[in-house]
Amino acid sequence: MSRIALITGATAGIGEACAHKFAENGWDLILTGRRAERLDVLAEFLRTRDGIRVHTLSFDVRDRAAVQAAVAEIPEAFRPVHLLINNAGLALGKSGVQDGDPDDWDTMIDTNVKGLLYMTKAVVPEMIGQKQGHVINIGSLAGREVYPGGNVYCATKHAVEALSRAMRIDFLEAGIKVTSISPGLVETEFSVVRFKGDQNKADGVYFGFEPLYAPDIAESVFWAASQPAHVCINDIFLTCTAQATSTIVHKEA
Ligand code: NDP
Ligand code: 8X3
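Residues numbered from 1 in each chain as written. Chains lettered and ligands numbered in written order. Predicted model: local features only at pLDDT ≥ 70, side-chain atom pairs only at ≥ 80, totals over all residues. Heavy atoms only, no water.

### Re the overall build of the chain
Counting its regular elements, the chain contains eight helices and nine strands. In terms of C-alpha radius of gyration, the chain reaches 18 Å, essentially the compact-globule figure of 18 Å for 253 residues. Dimensions along the principal axes, computed over C-alpha positions, put the chain at roughly 50 × 40 × 35 Å. Counting the 253 residues in the chain, one finds 49% classified as buried. (Helix = DSSP H or I, 4+ residues; strand = E, 2+ residues; numbered from the N terminus. Rg over C-alpha atoms; globule rule 2.2 N^0.38 Å. Buried < 20%, exposed > 50% of the residue type's maximum accessible area, 1.4 Å probe, protein only.)

Written as structure tokens, this is what we have:
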């Protein structure tokens, strides 16, 4: 029987790498994100390379009605969803709270926290009906520590951490697994988004050391999803070898 994973934020970075990893291993996929064209290109590539089935859904996770409508229109052939990977997320800005932009705060909270909740609420009831399923939430080292200018982004990832633990309790009776995967610095489009298109500033974040790459995270996500039915991986916390904490990174001169 085919296994079906729904990945949010599959148009770039960690979500896209997860799509590749699961497709290579024969999973059928529902790929979501706002950039429909990227989803279409990726879907066609994976269908051709891996011979899997791919359904794409383009919507904004901040839009509750759009989330509900998108999940409701998943075709029968792509149900039930076995695995939800709540990956879509972002940071915007790196100022202190006193200088922060409240619009950026709204976007981070609405995407990273409320979007994750909307997706979970839309997908999990069917898993509960099936008495099986798995939710993997992409948290962050920023969900365990705070760092200068991280304030609201860190708060959203602390919330993701709390929600993962809470969901594990809420879904326990139905046998739904919940896994939290918390990476440190990963070189993706994340910093370009955070610094609003300033590529030089983004490159500076990863300069002088070898960061994690998106496929490194996809390995952990896939491993967590590949355990036997009676094993739930609660937590994976990974950094690159050069990173000890949010603020302590060994950089070559
Ligand atoms: P990228 O910027 O490369 O990818 C982010 C993805 O999220 C894109 O596919 C984007 O798709 C999607 N997304 C963002 N906002 C929305 C929205 N409103 N609605 C739907 N989709 C959205 O970053 P990463 O791959 O690095 O980030 C993925 C996750 O990993 C995030 O939750 C991030 O917080 C977390 N993370 C990242 C780390 C890093 O250092 N890179 C470290 C730890 C955690 P689109 O724009 O097409 O909608
Ligand atoms: C992303 C990693 O250190 O930029 O969650 O917050 S960090």
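### As for the site of ligand 2
If you check the shell around ligand 2, you find Ser140, Ala142, Tyr147, Tyr153, Leu185, Phe190 and Arg194 and nothing else. Within the side chain of serine 140, a nitrogen or oxygen atom sits 2.5 Å from an oxygen atom of ligand 2. Contact between ligand 2 and tyrosine 153: an oxygen atom at 2.6 Å from a side-chain N or O atom of the residue. Taken together, the residues of the shell around ligand 2 sort by class into five nonpolar, one polar and one charged. (Near = heavy atom within 4 Å. Polar contact = N/O pair within 3.5 Å; in protein donor to acceptor, adjacent residues only side chain to side chain. Nonpolar A, V, L, I, M, F, W, Y, C, P; charged D, E, K, R; others polar.)

### Description of the site of ligand 1
Around ligand 1, a shell composed of 29 residues is seen, among which Thr11, Arg34, Asn87, Tyr153 and Thr188 lie nearest. The contact in question runs from an oxygen atom of ligand 1 to an N or O atom on the backbone of asparagine 87, over 2.8 Å. Here an oxygen atom of ligand 1 sits 3.2 Å away from a polar atom, N or O, in the main chain of glutamate 189. Taking 870 Å² as the accessible area of ligand 1 by itself, protein coverage stands at 96%. Elements with a contribution of two residues or more to the shell around ligand 1: helix H1 (13-24) and helix H5 (151-170). Tallied by class, residues from the shell around ligand 1 come to 12 nonpolar, 11 polar and six charged. (Areas by Shrake-Rupley, 256 points an atom, 1.4 Å probe, with all protein chains shown as cover.)

### Description of H5
Helical periodicity: at 3.6 residues per turn, an α-helix aligns residues three or four positions apart in one direction. Here H5 is 20 residues long and its end C-alpha atoms lie 28 Å apart, about the 28 Å a rise of 1.5 Å per residue gives. The set of residues buried in H5 consists of Val152, Tyr153, Cys154, Thr156, Lys157, Val160, Glu161, Ser164, Met167 and Arg168. The elements touched by buried residues of H5 are helix H4 (102-130), strand E5 (133-138), strand E6 (176-183), helix H6 (190-194) and strand E9 (235-238). (Expected span 1.5 Å × (residues − 1). Contact = heavy atoms within 4.5 Å.)

### A word on the pattern of salt bridges
Applying the stated criterion across every chain, the model contains 13 salt bridges. Here arginine 144 and aspartate 235 are joined by a salt bridge, their closest N and O atoms 3.2 Å apart. Of the two residues, arginine 144 sits in the loop between E5 and H5 while aspartate 235 sits in strand E9, which places them 91 residues apart along the sequence. Members of the salt-bridge network, linked through shared partners, are Glu24, Arg49 and Asp50. (Salt bridge = Lys/Arg side-chain N within 4 Å of Asp/Glu carboxyl O.)

### A short note on the sheet that holds strand E3 (residues 54-58)
Strand pairing in a sheet relies on backbone hydrogen bonds, with the paired strands running either antiparallel or parallel. On the basis of which strands lie adjacent, the open sheet formed by seven strands has the order E3-E2-E1-E4-E5-E6-E9 and parallel pairing. The sheet is open, and its two borders are formed by E3 and E9, each paired with just one other strand. Averaged over all adjacent pairs, the angle separating strand axes in this sheet is 15°, with direction ignored. For strand E4 (residues 83-86) and E5, the ladder comprises four bridges, and the chain directions are parallel. Following the sheet pairing, asparagine 86 is matched in E5 by asparagine 137. With respect to the sheet, H1 is in contact with strand E1 (4-7), strand E2 (28-33) and E4, its orientation differing from that of E2 by roughly 170°. The sheet contacts of H4 involve E1, E4, E5 and E6, and relative to E4 the element is tilted by about 170°. (Pairing = 2+ DSSP bridges. Axes fitted to C-alpha atoms, helices over the stretch in contact; angles between N-to-C directions.)

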